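# Fold and contact review
The residues making up each chain are set out below.
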Protein chains: 2
Amino acid sequence: MLSKNTLKFIKSLHQKKFRKQENAFFVEGGKNVTELLTSNFQVSHLLFTPKFAEENQAIINKFNGETFEVNQKTLESLGSFQTNDAALAVAAIRSNEYIELGSNEWGIALDDVRDPGNLGTIIRVSDWYGINKIILSLESADYYNPKVLHASMGSFTRVNIFYTDLKHYLTSSNLPVYGAFLEGENIYQQNFEESGIILMGNESKGISPDLEMLVKQKITIPRFGEAESLNVAVATAVICDNVRRRSFLNSQKPL
Amino acid sequence: MLSKNTLKFIKSLHQKKFRKQENAFFVEGGKNVTELLTSNFQVSHLLFTPKFAEENQAIINKFNGETFEVNQKTLESLGSFQTNDAALAVAAIRSNEYIELGSNEWGIALDDVRDPGNLGTIIRVSDWYGINKIILSLESADYYNPKVLHASMGSFTRVNIFYTDLKHYLTSSNLPVYGAFLEGENIYQQNFEESGIILMGNESKGISPDLEMLVKQKITIPRFGEAESLNVAVATAVICDNVRRRSFLNSQKPL
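Residues numbered from 1 in each chain as written. Chains lettered and ligands numbered in written order. Predicted model: local features only at pLDDT ≥ 70, side-chain atom pairs only at ≥ 80, totals over all residues.

## Topic: the overall build of chain A
Along the backbone of chain A there are eleven helices and ten strands. Each principal axis of the C-alpha distribution contributes one length, and for chain A these read about 60 × 45 × 40 Å. For chain A, the proportion of its 255 residues judged to be buried stands at 43%. By sequence separation, contacts in chain A at least 24 residues apart represent 74% of the contacts at least 6 residues apart. (Helix = DSSP H or I, 4+ residues; strand = E, 2+ residues; numbered from the N terminus. Buried ≥ 20, exposed ≤ 12 C-beta atoms within 10 Å, placed from the backbone. Contact = placed C-beta atoms within 7 Å.)

Okay, structure coming up:
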């Protein structure tokens, strides 16, 4: 049975302060929990409904941590979802290790993206486009915030992240930095190199002047109507699409 | 001074039922309100802080409806924003009139997009890409929901909408329907026509079988990684970008 202490522990993980202190976070919902259990995260607690147990017996049998069969109401009182008839799990936060970007790969750098929904959507987008390294400024939203994990739709298990001083990181990287601005070069006419860093700015302030200096190429998504800007997660997707499109079509060309 | 009845009236507009009954909706925040006041919406009430008044005297002077100078606390108690130090306005809902799509233009059709944040983001995306007609199934999120208007970042004033039976609408249209599926033709290799309808499906169920029959071309955003899908607003943006990119680059070609 779930002890009062365990309940209290899980509830505390809604707050960043306690996630940091306990070095733990929780994940909720059937899809996110099964993705977590089949990832290399260290999962300590698994709470599930009889319904989830029926559908995921093999996964539960393989699990080594503490398991608790609970009802839907308990899951909903512990987590952040209005409805959760499946599962909730607690796992250890990964250590914040330096991420090296190879000379043939793409990474995404986020300069103070503060909204958890935006960060989660960017993680999902990044996973879709096969970019599995995200470098985040220290003021960016917390990766282990329940809203981030939810919006990522399980993609958080496949993307590697590193919180750091972006100025220092970008200065020491040899890859070209493509920064998203409202007045850069049209991405449709951009000759993207084979690898690089896509730098996206804060929701209201954009890329900070400190980092602007480190941008090799300012890029812009052309506008055909009157909206002032695009949401940062949407803009990230469109840029990733243009980057991948280019190499895809190049690889399809007859020699 | 604001009467109790006016306060009650504005608060009631949080609910769709009352928006429908009163044929009114509210908009909050500086940017959205100024966009509303310079649009052709019929605005009946304008509530603003001294700070907003200072910065927007010309707009306020031109306004013919009821004005109320209030404090920030009042705006926050009436609206849905946690912070609103600017304004809130009430306007009349536009009548749901048939939208005709010309033979040379693009429209977006939404099959039960239920999440208000997604609908708002799609409106902003659509405005960015110069597509100002959105046709919505009757079960889609309500355009006048405060969350939709907020996510649209003022773009709701420039986009025309029509709620209707999509099956009937698409059947009677002569434009080609491009439907977003997970197993369609790669959008990078798609010869989009000069005009058409981009059809996007529900967040979890996708495009319903009823409408699938009316799709001329199933299209897919190529995937380079492992995410199962993309968020519907993100996917709409990537598709619009590919459609516009094609005609942009065609127009740039030497004759």
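## As for the sheet that holds strand 5 (residues 106-110) of chain B
Residues and elements named next belong to chain B. Pairing within the open sheet is parallel, and its six strands lie in the order 7-6-5-9-8-10. The sheet is open, and its two edges are formed by strand 7 (160-164) and strand 10 (217-220), each paired on a single side. If you compare each strand with its neighbour and ignore which way they point, the axes differ by 35° on average. (Pairing = 2+ DSSP bridges. Axes fitted to C-alpha atoms, helices over the stretch in contact; angles between N-to-C directions.)

## What to know about the sheet that holds strand 1 (residues 24-28) of chain A
Residue and element names in this part refer to chain A. Pairing is mixed in the open sheet, where four strands are placed in the order 1-4-2-3. Strands with a single pairing partner mark the edges of an open sheet, and in this sheet they are strand 1 and strand 3 (66-69). Within this sheet the neighbouring strands show an average axis-to-axis angle of 15°, counted without direction. Across four bridges, the pairing between strand 2 (residues 43-48) and strand 3 is parallel. Its bridge partner being in strand 3, L47 is matched across the sheet by F68. Relative to the sheet, helix 3 (residues 30-37) contacts strand 1, strand 2 and strand 4 (87-92), its axis offset from that of strand 4 by approximately 40°.

## Some words on the nonpolar core
Core analysis: the biggest nonpolar cluster contains 146 residues, and A89 of chain A together with A89 of chain B have the highest contact counts within it. Discounting residues that sit within four places of it in the chain, A89 of chain B has contacts with F26, V27, V33, L36, L37, V43, H45 and L46 of chain B. (Core = buried A, V, L, I, M, F, W, Y, C linked by C-beta atoms within 7 Å.)

## What to know about the confidence of the model for chain A
Interpreting fine coordinate detail is not advised for predicted regions of low pLDDT. Averaged over every residue, the pLDDT of chain A is 95; residues scoring 70 or more account for 99%. Listed scores for the predicted complex are pTM 0.95 and ipTM 0.95. (pLDDT = per-residue confidence, 0-100.)

## Points about the relation of the copies chain A and chain B
Superposition record for chain A on chain B: RMSD 0.0 Å, screw rotation 180°, translation along axis 0.0 Å. When the rotation and shift are considered jointly, the pair of chain copies conforms to a two-fold rotation axis. Taken together, the interface assignments show that 100% of the residues at the interface of chain A recur at the interface of chain B, consistent with an identical surface on both copies. (Least-squares fit on C-alpha atoms with pLDDT ≥ 70 in both.)

## Structural notes on helix 7 (residues 116-128) of chain A
Under the 1.5 Å per step criterion, the end-to-end length of helix 7 of chain A is 18 Å for 13 residues, consistent within 8% with the ideal 18 Å. With twelve of its 13 residues buried, helix 7 of chain A lies for the most part within the structure. Buried-residue contacts for helix 7 of chain A involve strand 5 (106-110), strand 6 (133-137), helix 8 (146-152) and helix 11 (232-252) of chain A together with helix 11 (232-252) of chain B. (Expected span 1.5 Å × (residues − 1).)

## Some words on the packing of helix 11 of chain A against helix 11 of chain B
For the pair helix 11 of chain A and helix 11 of chain B, the least separation of the axes is 9 Å and the interaxial angle reads 45°. When the axes of helix 11 of chain A and helix 11 of chain B are compared, the pair comes out oblique. Once helix 11 of chain A is placed against helix 11 of chain B, the crossing between them reads as right-handed. Along its contact with helix 11 of chain A, which presents A233, V234, A237, V238 and D241 of chain A, the element helix 11 of chain B presents A233, V234, A237, V238 and D241 of chain B. In terms of residue class, the contact of helix 11 of chain A with helix 11 of chain B is built from eight nonpolar, no polar and two charged. (Parallel < 35°, antiparallel > 145°, perpendicular 65-115°, else oblique. Left-handed = near helix turned anticlockwise from the far one by under 90°. Nonpolar A, V, L, I, M, F, W, Y, C, P; charged D, E, K, R; others polar.)

## Examining the interface of chain A and chain B
Tallying the contact residues gives 30 residues for chain A and 30 residues for chain B. For the side of chain A that touches chain B, the element with the most residues is helix 11 of chain A, which contributes nine residues. Considered class by class, the residues forming the side of chain A that touches chain B number 16 nonpolar, six polar and eight charged.

## Observations concerning the environment of A87 of chain B
All names here are of chain B. Structurally, the position occupied by A87 is in strand 4 (residues 87-92). Residue A87 is classed as buried on the basis of its 28 C-beta neighbours within 10 Å. Counting along the chain gives 16 residues from A87 to N71, while the straight-line C-alpha distance between them is 9.4 Å. Sequence-distant contacts of A87, defined by excluding residues within four places in its chain, comprise G30, V33, L46, L47, F48 and F52.

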